[in-house]
Amino acid sequence: QVQLVESGGGLVQPGGSLRLSCAASGSFVSINTMGWYRQAPGKQRELVAIITNGDSTNYTDSVKGRFTISRDNAKNTVYLQMNSLNLEDTAVYYCNVRVFRGYYRGSSTVWGQGTQVTVSS
């Protein structure tokens, strides 16, 4: 079993910053990709940012230059630094981790419980 614990969401004014964290624990051999998705009310869940185990990153266009994804492999944790937040960034943010659980159990994708980010004046 693999668990993800997210933290760092909250209420922030436009132009402000937040840092999300997501820590993985449980039974796995290694972590491959780690990422953040978000889902705004009435919209589909979308990829925000992703980072590979080689530290390659990819961002959705709307957050490029404002958000930074990083990971601490020693802590099995992925971060999302969000700067210059605007109203359109309001959403529930979900951590997504791809883990390798060994030769017999293979790989699996795990989702966090979600953390609310609200940008409002």
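Residues numbered from 1 in each chain as written. Predicted model: local features only at pLDDT ≥ 70, side-chain atom pairs only at ≥ 80, totals over all residues. Heavy atoms only, no water.

## Some remarks on the overall build of the protein
Here's step 1: Each helix and strand in the protein was counted, giving zero helices and 11 strands.
Here's step 2: For 121 residues, the compact-globule formula gives about 14 Å, and the C-alpha radius of gyration of the protein, at 14 Å, lands near that figure.
Here's step 3: C-alpha extents for the protein along the principal axes are approximately 50 × 25 × 25 Å.
Here's step 4: Taken over 121 residues, the protein has a buried fraction of 40%.
Here's step 5: The long-range share in the protein, meaning contacts at least 24 apart out of those at least 6 apart in sequence, stands at 56%. (Helix = DSSP H or I, 4+ residues; strand = E, 2+ residues; numbered from the N terminus. Rg over C-alpha atoms; globule rule 2.2 N^0.38 Å. Buried < 20%, exposed > 50% of the residue type's maximum accessible area, 1.4 Å probe, protein only. Contact = heavy atoms within 4.5 Å.)

## A short note on the packing of aromatic side chains
Here's step 1: In this structure the tally under the stated criterion is three aromatic pairs.
Here's step 2: Taken together, a centroid distance of 6.5 Å and an interplanar angle of 85 degrees make the contact between Tyr-94 and Trp-111 edge-to-face. Taken as a pair, Tyr-94 in strand S9 (residues 91-100) and Trp-111 in strand S10 (residues 107-111) lie far apart in primary sequence, 17 residues in all.
Here's step 3: Here Tyr-103 and Tyr-104 contribute two aromatic rings whose centre-to-centre distance is 5.2 Å and whose plane-to-plane angle is 90 degrees, an arrangement assigned as edge-to-face.
Here's step 4: Judged by relative accessible area, which is 80%, Tyr-104 ranks as exposed.
Here's step 5: Of the aromatic side chains, those joined through ring pairs into one cluster are Tyr-37, Tyr-94 and Trp-111.
Here's step 6: When the ring centre of Trp-111 is taken as origin, the NZ or CZ atom of Arg-45, which lies over that ring, is 4.7 Å away. (Phe/Tyr/Trp six-rings, centres within 6.5 Å; stacked < 30°, edge-to-face > 60°. Lys NZ or Arg CZ within 6 Å of the ring centre and 35° of its normal.)

## Re the side chain of Thr-115
Here's step 1: Examined against the element boundaries, Thr-115 turns out to sit in strand S11 (residues 115-119).
Here's step 2: At a separation of 3.4 Å, a polar atom in the side chain of Thr-115 contacts the main-chain amide nitrogen of Gly-9.
Here's step 3: When sequence neighbours within four positions are dropped, the list of residues in contact with Thr-115 reads Glu-6, Gly-9, Leu-20, Ala-91, Val-92 and Tyr-93. (Polar contact = N/O pair within 3.5 Å; in protein donor to acceptor, adjacent residues only side chain to side chain.)

## A short note on the nonpolar core
Here's step 1: Counting 31 residues, the largest nonpolar core has Trp-36, Leu-80, Met-82 and Tyr-93 as its most contacted members.
Here's step 2: Of all the elements in the fold, those that place two or more residues in this core are strand S1 (2-7), strand S3 (18-26), strand S4 (30-39), strand S5 (46-51), strand S7 (67-72), strand S8 (77-82), S9 and S11.
Here's step 3: No other element matches the five residues that S9 contributes to this core.
Here's step 4: Once residues within four sequence positions are removed from consideration, Tyr-93 is found in contact with Glu-6, Leu-20, Trp-36, Tyr-37, Arg-38, Val-48, Phe-67, Leu-80, Met-82, Gly-114, Thr-115 and Val-117. (Core = buried A, V, L, I, M, F, W, Y, C linked by side-chain atoms within 4.5 Å.)

## A closer look at the side chain of Thr-77
Here's step 1: Counting through the fold element by element, Thr-77 comes out in strand S8.
Here's step 2: Here Lys-75 takes part through its backbone oxygen, which lies 2.8 Å from a polar atom of the side chain of Thr-77.
Here's step 3: Apart from residues no more than four positions distant in its own chain, Thr-77 is found in contact with Ser-21, Cys-22, Ala-23, Met-34, Ser-70, Arg-71 and Asp-72.

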